[in-house]
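# Remarks on the overall topology
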Amino acid sequence: MATGQNFEEHARLLIHPDTSMETRLQMVRDIRKDLEVTYTAEYFRFLQCYTKSLFIILFGITKPQFYSNAENKIRYIVIDILYRLPHIEVLRPFVNDILRSAIRVLINDNEEIALQCVLEVS
C-alpha cells in the first residue's frame, strides 16, 4: 500500500480508467491489509486521499453485482475498509458521507454487502 507520502498517487491510480478490475482488487486488498496507518498521525491524510476514491469506486466504477466476481469483491472490501476505520475525532468530518454511502449501498446492493453496511451503520 501507499505510504503517507504517496496516498494521493495511490488513490488516483485506484480510480484511473485504465486500471483493471483485478489491479483495483489487489489495491483495495492492500489498503485493507495495511489499515494500521489509521492508528498513526497519517490518519487524517489517509481519509482525505482515500474516501473520495472509495466512493467513486462504489458509485461510479463498479455496479452492484449479484454473483461473485472481481467487482463484487472490490465493493465488499471497500465497505469493509469503511467499517474498520477507527471511530475517533479525526473521522468526524467524513462520517456523514460514509453513512450516506453505506445507506445507499444497503438499499441497492446484494445481501452480503448489505449486511456489511448494516455493521457499518450500527
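Keep in mind the model is a prediction, meaning the values are calculated, not measured.

## Considering the environment of Lys-73
- Structurally, Lys-73 can be placed in helix α4 (residues 70-84).
- In the structure, Lys-73 is positioned 55 residues away from Asp-18 in sequence and 19 Å away in space, judged by C-alpha atoms.
- What Lys-73 contacts, discounting residues up to four positions off in sequence, is Leu-25, Arg-29 and Ser-68.

## Focus: the environment of Glu-112
- In this fold, Glu-112 is placed in helix α6 (residues 111-121).
- Accessibility expressed as a relative area gives 46% for Glu-112, which makes it partly exposed.
- Residues Glu-112 and Pro-17, 95 residues apart in the sequence, show an inter-C-alpha distance of 27 Å.
- Residues in contact with Glu-112, not counting those within four places in the same chain, are Asn-72 and Tyr-76.

## Digging into the nonpolar core
- Among the nonpolar cores identified, the biggest contains 33 residues, and Leu-14, Val-28, Phe-46, Tyr-50, Val-78, Leu-82 and Leu-85 are the most heavily contacted of them.
- No other element matches helix α3 (residues 43-61), which puts 9 residues into this core.
- In this structure, Leu-82 is in contact with Leu-54, Phe-55, Leu-58, Ile-98 and Glu-120, ignoring residues within four places of it in sequence.

What counts and how
Residues numbered from 1 in each chain as written. Predicted model: local features only at pLDDT ≥ 70, side-chain atom pairs only at ≥ 80, totals over all residues. Heavy atoms only, no water. Helix = DSSP H or I, 4+ residues; strand = E, 2+ residues; numbered from the N terminus. Contact = heavy atoms within 4.5 Å. Buried < 20%, exposed > 50% of the residue type's maximum accessible area, 1.4 Å probe, protein only. Core = buried A, V, L, I, M, F, W, Y, C linked by side-chain atoms within 4.5 Å.

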